[in-house]
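Geometric and topological summary
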Amino acid sequence: MAYGPKIIDHYENPRNVGNFGSSSDVKARKDIGVGLVGAPECGDVMQLQIKVDQSTGKIQDAKFKCFGCGSAIASSSLATEWLKGKSIDEGLSIKNTEIVEELNLPPVKIHCSVLAEDAIRAAIGDYKAKNGLVEAAAKSH
Amino acid sequence: MPVKLPLYFDNAATTRTDPRVVEAMLPCFTEVYGNPGSRNHSFGWASEAAVDKARGQVAGVLGADPKEVVFTSGATESNNIAIRGVANMYAKAPAGSAGRGHIITAVHEHKAVLDPCKRLQKEGFEVTYLEPGRDGLITADMVKGALRDDTILVTIMWANNEIGTINEIPEIGRLCHEKGVLLHTDATQWAGKMPVDVERDAVDLLSMSGHKIFGPKGVGALYVRRRKPRVRLTPLVDGGGQERGFRSGTLNVPGIVGLGAACEIAAAERDAEGPRLLALRTRLEQGITKALDTTQINGHAEKRLPNITNISFGFVEGESLMMATKEIAVSSGSACTSASLEPSYVLKSLGVGDDLAHSSLRFSLGRWTTGEEVDYVVDKVVAAVNKLRLLSPLYDMHKEGIDITKIEWAKH
C-alpha cells in the first residue's frame, strides 16, 4: 500500500498516544469520555479518550490507542489533534470525509475514517451519558 | 558485515533467479532459438536437444522418466491440467449429469487447486474438503476416512505455502495406490528443495514451478505417471499436440532450459542447503519468540519446511507491522494490502482466530539468506511489535487481565 506523506507522518510520529488511567479509573471519572470501537477480528480497534474541562465544556485533552493498519492509526491520531480545544458539540461535527481529505486516504481505507468518526461519537456520547447530557445528544442529531 | 537493505524474506512467493540459471537461458534467446517442433532443420534440433536436456534434469529431481515430464507455464496451469484433466477423463457420467465422480482435497490448499475443484463441482463432480487440525497436517487416515467407491482423484499439496506444514504424501500415495485412486500433489513449495521419488512416494501427478526454486517465472512442469497406472488426461489446451498432447503450444525453450538448470542446481545443493535453512529458521523463530510474549508459530512443530515460518503476534495488526518493517519483504496473514479485509483462509482453517490471523507474518528464507540478515530481521520485528503494542488498546487490556474475546465488539 503506497501511503501519502501525512499518513506516514502520523503513523511514524503518532500524536497523543495513551490514556488517562486504567480502564476502571477512567470509567469512574466524570470528566473523561471513552470510545472503544471496531473489532479485533476485523483488524481495527480504536480507543479514544477525551478529557473535558467541566467549567467551559471544552475538550482539554484527547488520547488514543489503536490496533489497526497505518490508516487507522493516522485517522485516530488526527482525531485527537482536532478534538483538543473544541467544545463537545464542535467535536461531534467532525466528519469522516474531512479526515479522508486531510490524510488523503486511499478509497480502500475510507472505513478507517468512518471508524475514527465513530470513536469520536462514542467518546463524546460516553461523556454525555456520564454527565446526564444524553437528551442533549439526542437532540443534536 | 552490514546487511544490504531492503531484505527479501518472501521466497515462498517467488525467488531471485539464480545467475547460473540466467546464464544457461541466455543462448536460447539469440542462438538456440529454433522451434523444437521443427524436425527438419538444425535450428529445431538444437532447441529440441536443449529441451530434452532440461526434461532429463527435471525428471532427475523427481525420480521420474523424462517422458513423464510435461512442461507448462507454471504450477497453476499444472494443477488445472491435472485436476480438470483427470476429472474429465475418468468421469463416471457424461457432462451435464450429476454423480460424475468424487474428488478429495483440503480446505487449506492453494487457490489454484481449490478453484478448479469448485468449477468441477458445478460440472457435476462431488468434492470433499478435508479439514486439518491446528497443526495444518493432512494425514493418510483423514484421506482414508473420506474415500468412496466413486473417488477418482485425491489432490493434496506436499507442503503448505503459508505455514510450511508437510502433509503425509508417501502414506497418502500408498493408500491411493492400494485403492486404485489417482493422487495428484501440488509440490510447488516442495519439489526441487526437498527429496522426491515418485516411485517411492507413490505419486501419480505432481505440479511444480520454476520461480519458487530460483528459476524463471512463467515455466513449470507436471509429472504424469506413464505406468502402474498409466494416467490419462483430457487436455485443456488443444492445438499442435506438443507434450504428448497434454499441453499444446510452442515450447517456452528459454524457460524450460531455466527450469532444468534450476532443478540441477537445487538437487546438487539440497543436502547442504536444507540444514543451513533450518538453522536460520530456528535462529529467526527463537530470536523473536524469546524477545516477545504472546507470539505463536503456526503450523506443525516438526513436519514443516525448513524455509518457511509463519508467526502470529498478538495485539498488533499485520499491515501496520509490515509498515513498521518496510525494509523487510514478507507476506501478511491477511489480505488487507490487496484491498479485501479477509484474514488468511489457511490460518483460519487451523483455528487461528481472525484477530491473530490479521496479526501474522510469513517469513520465507532462500538461497542467499544470511545469519546477519536473520539477526537484523529479529531486531526490527521485535522493535516494531513493541512499538505497536505501546499503541495497542488490546495489549493494555491483555495486561489488565481483560479477556478480549469476552468483549462484545461491534463488528463493522
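Residues numbered from 1 in each chain as written. Chains lettered and ligands numbered in written order. Predicted model: local features only at pLDDT ≥ 70, side-chain atom pairs only at ≥ 80, totals over all residues. Heavy atoms only, no water.

With that out of the way, let us pick up the overall build of chain A. Per the secondary structure count, chain A includes seven helices and three strands. In sequence order, chain A lays out its α and β elements as α-α-β-β-β-α-α-α-α-α. Dimensions of chain A, computed from C-alpha atoms along their principal axes, come out at roughly 45 × 30 × 25 Å. Only carbon and sulfur atoms are counted for the fraction: they give 51% of the accessible area of chain A, which is about 5,800 Å². Within chain A, the 18 negative side-chain charges are centred at a point lying 4 Å from the centre of the 17 positive side-chain charges. (Helix = DSSP H or I, 4+ residues; strand = E, 2+ residues; numbered from the N terminus. Areas by Shrake-Rupley, 256 points an atom, 1.4 Å probe, with all protein chains shown as cover. Lys, Arg positive; Asp, Glu negative; His and termini not counted. Charge placed at Lys NZ, Arg CZ, Asp CG, Glu CD.)

What follows covers the interface of chain A and chain B. Each side of the interface is counted separately: chain A has 32 residues, and chain B has 31 residues. Buried surface at the junction of chain A and chain B, summed over both partners, amounts to about 2,700 Å²; 65% is from carbon and sulfur atoms. Inspection of the region where chain A meets chain B yields three salt bridges. The shortest N-O distance in the salt bridge between E319 of chain B and K109 of chain A comes to 2.6 Å. At the junction of chain A and chain B, the tally comes to 13 residue pairs in polar contact (both at pLDDT 80 or more). (Contact = heavy atoms within 4.5 Å. Buried area = accessible area lost by both parts, 1.4 Å probe. Salt bridge = Lys/Arg side-chain N within 4 Å of Asp/Glu carboxyl O. Polar contact = N/O pair within 3.5 Å; in protein donor to acceptor, adjacent residues only side chain to side chain.)

Residues and elements named next belong to chain B. Along its sequence, chain B is organised into domain 1 (7-13 + 271-406) and domain 2 (19-266). Its C-alpha centre places domain 1 at a distance of 30 Å from the equivalent point of domain 2. Between domain 1 and domain 2, the residue contacts involve 26 residues of the former and 33 residues of the latter. Interface area for domain 1 against domain 2, summed over the two sides, is near 2,300 Å², with a carbon-plus-sulfur share of 55%. On the domain 1 side of the interface with domain 2, the three residues burying the most area are L305, Y345 and R367, jointly 28% of the side's total. Our count for the domain 1 to domain 2 interface comes out at one salt bridge. Between E168 and K303 there is a salt bridge, and its shortest N-O distance comes to 3.8 Å. Our count for the contact surface shared by domain 1 and domain 2 stands at 13 residue pairs in polar contact (both at pLDDT 80 or more). Only β9 (295-298), β10 (308-313) and α10 (345-349) provide two or more residues apiece to the side of domain 1 that touches domain 2. At four residues, α10 tops the list of elements feeding residues into the side of domain 1 that touches domain 2. (Domains from an automatic or database assignment.)

The next subject is the state of the cysteines. Overall, the coordinates contain zero disulfides over all chains when judged by the stated rule. Cysteine C66 of chain A remains unbridged, with the sulfur of C69 of chain A as its closest cysteine sulfur at 7.5 Å. (Disulfide = S-S within 2.5 Å.)

Attention shifts here to the side chain of S359 of chain B. All names here are of chain B. Note on placement: S359 falls in the loop between α11 (354-357) and β13 (360-364). Among the residues examined, S359 registers a relative accessible area of 1% and is labelled buried. One polar contact links the side chain of S359 to the main-chain carbonyl oxygen of V316, over a distance of 2.4 Å. (Buried < 20%, exposed > 50% of the residue type's maximum accessible area, 1.4 Å probe, protein only.)

Our next topic: helix α3 (residues 42-62) of chain B. Residue and element names in this part refer to chain B. Compared with an ideal rise of 1.5 Å per residue, which puts 21 residues at 30 Å, α3 spans 30 Å between its outermost C-alpha atoms and is within 8% of the ideal. Those residues of α3 not exposed but buried are G44, S47, A50, V51, A54, R55, Q57, V58, A59, V61 and L62. Where α3 is buried, its residues contact β2 (69-72), β7 (205-209), β8 (220-224) and α8 (253-291). Of the residues trailing α3, G63 is marked for its positive phi of about 65°. (Expected span 1.5 Å × (residues − 1).)

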